[in-house]
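An overview of the molecular structure
Residue-level listing of the chains:
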Amino acid sequence: MPEQNENQRLNAADRKSFVGENYNAGKQIVKQKVKELSPHFKYPVGYEHDADAYGKTYNCLGFDIKAAFPYEQFALYDITTKIVRVFDFSKELFAKMGNEQSGGMAFVNFDIDFSEIFTKLGVTYKGNEDLFRSCIHSVILWCNGMHTRMGQTSYYVSFNTGLGTDDFSRFLTTILIEEFENAGVMVFKPNIIFKVKKGINRNPGDPNYDLFQKALNCTSKKMIPTYLLCDCEEDKNIPAEKLSVMGCRSRVVDDIFGSTGSVGRGNIANTSINLPMIAAISVEEGGSLTDKVTKFKNNLKVYMDATALALLVRYDCTVKADPSLFPTNHEYKLWCEDMNKVGVEGTLKHGTLSLGFIGLSETIEILTGKKYWDDEDTYKLALDITAFMRQITDSYTEKYKQNFSLLATAGEFISGYFADEMKKIKDTSPVKNIPPRIYEKGFLTNSFHVDVDSKLSAVKKLQFEGPFHKYANGGSISYVELGEAPLGNAEGLAELVEIAVESGVRYLGFNIPKDVCRDCGTTGLFDECPSCKGRNITRIRRVSGYLEILDGFTSGKKAEEAHRQKNDL
Amino acid sequence: MSNGKTIRVNSIREEQSLCDGPGLRTVIFLQGCNMHCPGCQNKSSWDPIGGVEYKVSDLAEILRKKCTNKKLTISGGEPLFQAAAVEELCNELEDFNLCLYTGHELSEVPKAILNHLRYLKTGSFIESKHSSVLPFVGSSNQKFIELYKENNNA
């Protein structure tokens, strides 16, 4: 698939390297192998994410940064050097880990953990404010501009923050947000995830309410931070310090091997299932709605069973990987167990194996002829199917003694891939049961999301999507698409956050179409700059939880972006 | 207090807005305008006898049902074109967080209306001063004013 090669190269960096060429070539070979090995590839039903990492490494990780922080490396420096070197150390860690695992990496509590680390090093922020600012600014620019991962792509780094109420933690959250906000429109990485929690920052009177407001004001301009809603139905009883997003949206909480939460844990591998394809196969013989749904569930289970086995095979390969492939993990013990003591398998068993899904909206349309939000019965069916998938993944955890989870997958590559693959086989039997517009539009709708062109209000969209989140124990996100930047309206965004929490949403992002005039810096939504009439326009949009430049989008994502309609409020 | 005034309405925005004052706000566009700014986004609201006529009390009832968070922006048209009716509407909705979008200046807004407002947008729209970076206004000559803070009726 040369187009895909091309995308891979252009997605995050427009440069080539021999490492990158090798990486792409290897990825294609592995994909072919996976395709041959997988039992469910007669139709485009499944997609193994990050196949280039197959059997070599895991996906993402929330760093357990405190477990083996190398204090001794910094002990003999003066205060200034300690501050500079600790932030340099974090850049180096991103660089090493970005090449040691395939997906996102996160500080689970940037504010709390780094205030503790600095305090232990005898460093206070007082009197060093400007230096801290410069260093954090530099880390932000590193994440935004560095394209050396695999020799060619950028790093997926997430800073979770907002819970620390001591002065030092509050200072770190403050300058992280301020430096990001003030760094200019072309700085849109790393992702910052503000953790919203009752009693800490959610309501007026909470000690960090001012930081929540600061975060919302930054979001109103820059779409970042995003919001991890620690009071949502699914997570409200778990200590918020243990929650985080380590990559696009992954949720890692339960662990049959004894730990809880995201500190030192991540997702090992993820395979996504193309629900509309299974629906098309299931309605081939017609019948009543009940018949169709029964057949769909039976087929879905068959494909999920096969996928679970494929994930287990991948897991076995990964944990048998040469331990020397994980030097940084060994050195800094970033997982919840020490790899030096328990080995690769003893460490990675704490990770999750995720079954993802895409296109619930189209699936319901194929089964019922309606959108899932059209009426109560149809909506119940959509929830029922999602609950069914969760029951099945729970049963795998029980049966195979591994941490399986259900992931409301990011659509980035697969939204277009599945649509294209289905179009390729459109003259063969099952696909004729798919209304052509579903694959003709060139993308499938993300996980359980409402269609991007539904024109539902933001409030209704959140209320419809909210109840799905609790089933997706492997991660999920809801977005509100805003037509224009809600500048200065933290109050309004806070109201939407509140509605999201009450509706069950676990992770929330606000999307604002952001076109930037490269000649004069004006931002908005335009083809010609309203200020200088320039036509040198860069479009920044969110893909898989991270902001990217639109020109580098995959074809499916471009198609989806073209269909995005703002959710009127 | 109510003497059954009527008010002409252009439309009520179907969904709430984040760009017409702080919060998630319901926006009502009143009918009739004598300012006729070039580049106006809502020319259908100019005709003084267009739109739909409501009894003010009926309109207040509709807004109470629709605007459950009680954050309402009265826009237009030019709301002060129907100043007496707007005053009555403000009286009916005295527990609301109200914002008025007028093309007039602060000194020209009747005190009886001003007393009810939390926010006020003043100044006519000037196309050459169009801005997409200033919160809640369309052109840089316009002002968005917070008249009092919460729990502090000043």
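Let us look at the structure shown here.

Conventions and cut-offs
Residues numbered from 1 in each chain as written. Chains lettered and ligands numbered in written order. Predicted model: local features only at pLDDT ≥ 70, side-chain atom pairs only at ≥ 80, totals over all residues. Heavy atoms only, no water. Helix = DSSP H or I, 4+ residues; strand = E, 2+ residues; numbered from the N terminus. Rg over C-alpha atoms; globule rule 2.2 N^0.38 Å. Contact = heavy atoms within 4.5 Å. Lys, Arg positive; Asp, Glu negative; His and termini not counted. Charge placed at Lys NZ, Arg CZ, Asp CG, Glu CD. Areas by Shrake-Rupley, 256 points an atom, 1.4 Å probe, with all protein chains shown as cover. Buried < 20%, exposed > 50% of the residue type's maximum accessible area, 1.4 Å probe, protein only. Pairing = 2+ DSSP bridges. Salt bridge = Lys/Arg side-chain N within 4 Å of Asp/Glu carboxyl O. Phe/Tyr/Trp six-rings, centres within 6.5 Å; stacked < 30°, edge-to-face > 60°. Lys NZ or Arg CZ within 6 Å of the ring centre and 35° of its normal. Axes fitted to C-alpha atoms, helices over the stretch in contact; angles between N-to-C directions. Buried area = accessible area lost by both parts, 1.4 Å probe. Polar contact = N/O pair within 3.5 Å; in protein donor to acceptor, adjacent residues only side chain to side chain. Core = buried A, V, L, I, M, F, W, Y, C linked by side-chain atoms within 4.5 Å. Expected span 1.5 Å × (residues − 1).

1. Some remarks on the overall build of chain B
Of regular secondary structure, chain B possesses three helices and seven strands. Secondary structure of chain B in N-to-C order comes out as β-β-β-α-β-α-β-α-β-β. The globule rule puts the C-alpha radius of gyration for 154 residues at 15 Å, and the 14 Å found for chain B is close to it. Dimensions of chain B along its principal axes, counting C-alpha atoms only, are 40 × 40 × 30 Å. Put simply, of all contacts in chain B between residues at least 6 apart along the chain, 60% involve residues at least 24 apart. For chain B, the separation between the mean place of its 17 positive charges and that of its 18 negative charges on side chains is 4 Å.

2. Considering the overall build of chain A
Along the backbone of chain A there are 18 helices and 15 strands. In terms of C-alpha radius of gyration, chain A reaches 23 Å, essentially the compact-globule figure of 25 Å for 569 residues. For chain A, the spread of C-alpha atoms along the three principal axes comes to 75 × 55 × 50 Å. Put simply, of all contacts in chain A between residues at least 6 apart along the chain, 75% involve residues at least 24 apart. Carbon and sulfur atoms make up 51% of the accessible area of chain A, which amounts to about 20,000 Å² in all.

3. Side note on the pairing of strand 12 (residues 514-517) of chain A
Residue and element names in this part refer to chain A. Of the two faces of strand 12, the one lined by K514 and V516 and the one lined by D515 and C517 are each fully buried. As defined by bridge partners, strand 12 adjoins strand 14 (residues 537-543) across four bridges and the pair is classed as antiparallel. Of the residues in strand 14, the one forming a bridge with C517 is I537. Two strands pair when backbone bridges link them, and strand 12 and strand 13 (residues 523-524) are joined in this way by two bridges, in the antiparallel orientation. Across the sheet, the residue bridging to D515 is G524, located in strand 13. Between strand 12 and strand 13, which pair antiparallel one after the other, the connecting turn spans five residues, and G521 there sits at a positive phi close to 85°.

4. Looking at the pattern of salt bridges
Applying the stated criterion across every chain yields a total of 45 salt bridges over all chains. For E495 of chain A, the salt bridge goes to K71 of chain B, with nearest N and O atoms at 2.8 Å. One end of the pair, E495 of chain A, is in helix 17 (residues 490-503); the other, K71 of chain B, is in strand 4 (residues 71-75), on a second chain. Here E495 of chain A and K71 of chain B have matching classes, each one buried. The residue D527 of chain A makes a salt bridge to R539 of chain A at a minimum N-O spacing of 2.7 Å. Taken together, the residues D527 of chain A in the loop between strand 13 and strand 14 and R539 of chain A in strand 14 connect sequence positions 12 residues apart. A residue is classified by how much of its surface remains accessible, and D527 of chain A, at 51% relative accessible area, is exposed. Among the ionic contacts, a cluster of salt bridges with common partners joins K197, R202, D231, E498 and E502 of chain A.

5. Description of the packing of aromatic side chains
If you walk through the whole model with that rule in mind, you get 46 aromatic pairs over all chains. For the ring pair F69 of chain A and F74 of chain A, a centre distance of 5.6 Å and an interplane angle of 15° mean the geometry is stacked. Residue F69 of chain A shares its accessibility class with F74 of chain A, and that shared class is buried. Ring pairs connect the aromatic residues F63, F94, F107, F110, F114, W142, Y155 and F159 of chain A, which therefore count as one cluster. If you follow K297 of chain A out to its NZ or CZ, it ends over the ring of F388 of chain A, 5.2 Å from the centre. A cation over an aromatic ring shows up here: R118 of chain B above the ring of Y148 of chain B, its NZ or CZ 5.5 Å from the ring centre.

6. A closer look at the sheet that holds strand 6 (residues 226-229) of chain A
Residues and elements named next belong to chain A. Taken in spatial order, the seven strands of this open sheet run 2-3-4-5-6-11-10, and their pairing is mixed. Of all the strands in the sheet, just strand 2 (61-63) and strand 10 (478-481) have a single pairing partner and so form its edges. Neighbouring strand axes in the sheet, compared pairwise and without regard to direction, differ in orientation by 25° on average. Sheet topology note: the strand 4 (residues 157-161)/strand 5 (residues 191-196) ladder contains four bridges and is parallel. The residue of strand 5 that forms the bridge with S158 is N191. Contacting strand 3 (105-107) and strand 4, helix 4 (residues 110-120) crosses the sheet at an angle of about 85° to strand 4. Across the sheet, helix 17 touches strand 5, strand 6 and strand 11 (507-511), and the angle it forms with strand 11 is around 145°.

7. A few points about the interface of chain B and chain A
How big an interface is tends to be stated in terms of accessible area lost as the parts join. Each partner contributes to the interface: chain B provides 19 residues, whereas chain A provides 20 residues. Looking at the side of chain B facing chain A, the largest losses of area belong to E15, L18 and L24 of chain B, adding up to 40% of the total buried there. Summed over the shared surface of chain B and chain A, the result is three salt bridges. Linking K71 of chain B and E491 of chain A is a salt bridge whose minimum nitrogen-to-oxygen distance equals 2.6 Å. Linking chain B with chain A are seven residue pairs in polar contact (both at pLDDT 80 or more).

8. Here we look at the nonpolar core
Formed by 146 residues in total, the largest nonpolar core has its most connected members in F63, I65, F94, F132, Y227 and L508 of chain A. For Y227 of chain A, the contacting residues outside a window of four places in its chain are F194, V196, F212, A215, L216, T219, R506, Y507, L508 and F510 of chain A. Of all hydrophobic cores here, the second largest spans 25 residues; its members include I74, F96, L98 and L100 of chain B.

9. Description of helix 6 (residues 167-181) of chain A
The terminal C-alpha atoms of helix 6 of chain A lie 21 Å apart, and with 15 residues this matches the ideal 21 Å at 1.5 Å per residue to within 8%. The element helix 6 of chain A is extensively covered by neighbouring structure, given that 13 of its 15 residues are classed as buried.

10. Examining the environment of L216 of chain A
Residues and elements named next belong to chain A. Along the chain, L216 falls in helix 7 (residues 209-222). Through-space distance from the C-alpha of L216 to that of V253 is 26 Å; in sequence the pair is 37 residues apart. If sequence neighbours within four positions are ignored, L216 has contacts with Y227, A490, L493, A494 and V497.

11. Some remarks on the pairing of strand 6 of chain A
All names here are of chain A. Of the two faces of strand 6, the one holding T226 and L228 and the one holding Y227 and L229 are both buried throughout. Pairing geometry for strand 5 and strand 6, over four bridges, is parallel. What sits directly across from I193, in strand 6, is T226. When strand 6 meets strand 11, the two strands line up antiparallel, connected through two bridges. Looking at strand 11, one finds that Y227 is bridged to L508.

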